[in-house]
Amino acid sequence: MTSDQFNRWESRFAGEEFLFGTAPCAFLASCRDVLPRQGRALAIADGEGRNGVFLAECGLSVLSVDFSPSAQAKAQKLAATRGVTIETQRADLLNWNWPCGFDVVAGIFFQFVAAADRPRIFQNIRAALNPGGLLLIEGYRPQQLDYNTGGPSCADDLYTREILEQAFGDFDRLSIREYDAEIAEGSAHVGMSALIDLVGFKPR
């Protein structure tokens, strides 16, 4: 991550407002029934913690990873408000020594990774999951550029079914859903959006 990218996001997260709100994304909330009742969860690029805190509320032991100290301070504040505990760790996903042994990995809107670096990130996600572990991904499709309601401005950084199938097509009970929906997540994600979701279990 460049210093310009860090400074841009750190300045956005520095205010009192929770940029993307405090509720989990609707997709993650809809997956509650498929989450294990206990185990370890990794929430990557978790920002201000709304999704990591939700996973903790579901009974999981959560490692919430982001590169912004301001965001992580707010994540800890949110966890305390909700009466749960999360572990936060500052990391640049491209240069992080990824741990393994997770029963759940949640990657929600982490599309700031350049397309050329994406295969390495996806491989690290696979390695982090235990056999039988649950992978949950939500992101934007290229059609999001027409809506302009959030996400990257470069089409190469957006997800297609083909990209996700190439990386995780061997996962068990794999579901990839493409749809448009109105979302309202804080001030940063508001309006009609072109979304793609993945649910799958790492082969045993």
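Structure: see above.
Residues numbered from 1 in each chain as written. Predicted model: local features only at pLDDT ≥ 70, side-chain atom pairs only at ≥ 80, totals over all residues. Heavy atoms only, no water.

Draft legend 1. The arrangement of the overall build of the chain in detail. Helix and strand content of the chain: seven helices and seven strands. Seen in sequence order, the chain has helices and strands lined up from the N terminus as α-α-β-α-β-α-β-β-α-β-α-α-β-β. The dimensions of the chain, computed from C-alpha atoms along their principal axes, are 45 × 40 × 30 Å. Looking at the chain as a whole, 51% of its 204 residues qualify as buried. In the chain, of all internal contacts separated by at least 6 residues, the share reaching a separation of at least 24 is 70%. (Helix = DSSP H or I, 4+ residues; strand = E, 2+ residues; numbered from the N terminus. Buried < 20%, exposed > 50% of the residue type's maximum accessible area, 1.4 Å probe, protein only. Contact = heavy atoms within 4.5 Å.)

Draft legend 2. The packing of helix 5 (residues 118-128) against helix 7 (residues 161-168), seen in detail. Across the interface, helix 5 lies against helix 7 with an axial gap of 10 Å and an inter-helix angle of 45 degrees. On the basis of their axis angle, the class for helix 5 and helix 7 is oblique. Regarding helix 5 and helix 7, the two cross each other, and that crossing is right-handed. Residues Arg 118, Phe 122, Ile 125 and Arg 126 of helix 5 pack against Ile 163, Leu 164, Ala 167 and Phe 168 of helix 7. (Axes fitted to C-alpha atoms, helices over the stretch in contact; angles between N-to-C directions. Parallel < 35°, antiparallel > 145°, perpendicular 65-115°, else oblique. Left-handed = near helix turned anticlockwise from the far one by under 90°.)

Draft legend 3. Seen up close, the pairing of strand 4 (residues 102-108). Buried residues dominate strand 4, accounting for six of its seven residues. Here six bridges tie strand 4 to strand 5 (residues 129-140), and the two strands are oriented parallel to one another. Looking across to strand 5, one finds that Val 105 is bridged to Leu 135. Note that the unit made of strand 4, helix 5 and strand 5 has a crossover that is right-handed. (Pairing = 2+ DSSP bridges. Right-handed = clockwise from strand over helix to strand, strands pointing away.)

Draft legend 4. Spotlight on the side chain of Glu 48. Within the secondary structure layout, Glu 48 lies in the loop between strand 1 (40-44) and helix 3 (50-57). Only 3.5 Å separates the side chain of Glu 48 from the backbone nitrogen of Phe 20, close enough to count as a polar contact. Those residues within four positions of Glu 48 in sequence are excluded, and the remaining contacts are Phe 13, Glu 17, Phe 18, Leu 19, Phe 20, Ala 71, Lys 74, Ala 75 and Leu 78. (Polar contact = N/O pair within 3.5 Å; in protein donor to acceptor, adjacent residues only side chain to side chain.)

Draft legend 5. Layout of the nonpolar core. Counting residues in hydrophobic clusters, the biggest one holds 33 residues, and the most contacted among them are Phe 27, Leu 35, Leu 55 and Leu 136. At the level of elements, helix 2 (26-30), strand 1, helix 3, helix 4 (69-82), strand 4, strand 5, strand 6 (172-185) and strand 7 (189-201) are the ones that each hand at least two residues to this core. Among the elements that make up this core, the one with the highest residue count is helix 3 (four residues). With residues near it in sequence (within four places) discarded, Leu 35 still touches Phe 54, Leu 55, Cys 58, Leu 60, Val 104, Leu 134 and Leu 136. The next biggest cluster of nonpolar side chains, apart from the first, holds 29 residues, and it includes Ala 91, Leu 135, Leu 164 and Phe 171. (Core = buried A, V, L, I, M, F, W, Y, C linked by side-chain atoms within 4.5 Å.)

Draft legend 6. Region of the structure containing the sheet that holds strand 1. Reading across the sheet, the seven strands line up as 3-2-1-4-5-7-6 and stay open at both edges, with mixed pairing between neighbours. Both outer strands of the open sheet, strand 3 (87-90) and strand 6, are each paired with one neighbouring strand and no more. Shown here is a sheet whose adjacent strand axes are inclined to one another by a mean of 15 degrees, direction ignored. Contacts between helix 7 and the sheet are confined to strand 5, strand 6 and strand 7, with strand 6 contributing the most and set at about 140 degrees to the helix.

Draft legend 7. The packing of aromatic side chains, seen in detail. All chains considered together, the criterion is met by six aromatic pairs. Ring geometry for Phe 122 against Tyr 159: centres 6.1 Å apart, planes inclined by 55 degrees, an arrangement best described as tilted. You can see Phe 122 sitting in helix 5 and its partner Tyr 159 sitting in the loop between helix 6 (144-147) and helix 7, a full 37 residues away along the chain. Across the pair, exposure class does not vary: Phe 122 and Tyr 159 are buried alike. An angle of 75 degrees between the planes, with centres 5.3 Å apart, marks the rings of Phe 168 and Phe 171 as edge-to-face. Taken together, the aromatic side chains of Phe 110, Phe 122, Tyr 159, Phe 168 and Phe 171 make up a single cluster linked through ring pairs. The side chain of Arg 40 reaches across the aromatic face of Phe 102, ending 4.2 Å from its centre. Lying across the ring of Phe 18, Lys 74 places its NZ or CZ 5.3 Å from the centre. (Phe/Tyr/Trp six-rings, centres within 6.5 Å; stacked < 30°, edge-to-face > 60°. Lys NZ or Arg CZ within 6 Å of the ring centre and 35° of its normal.)

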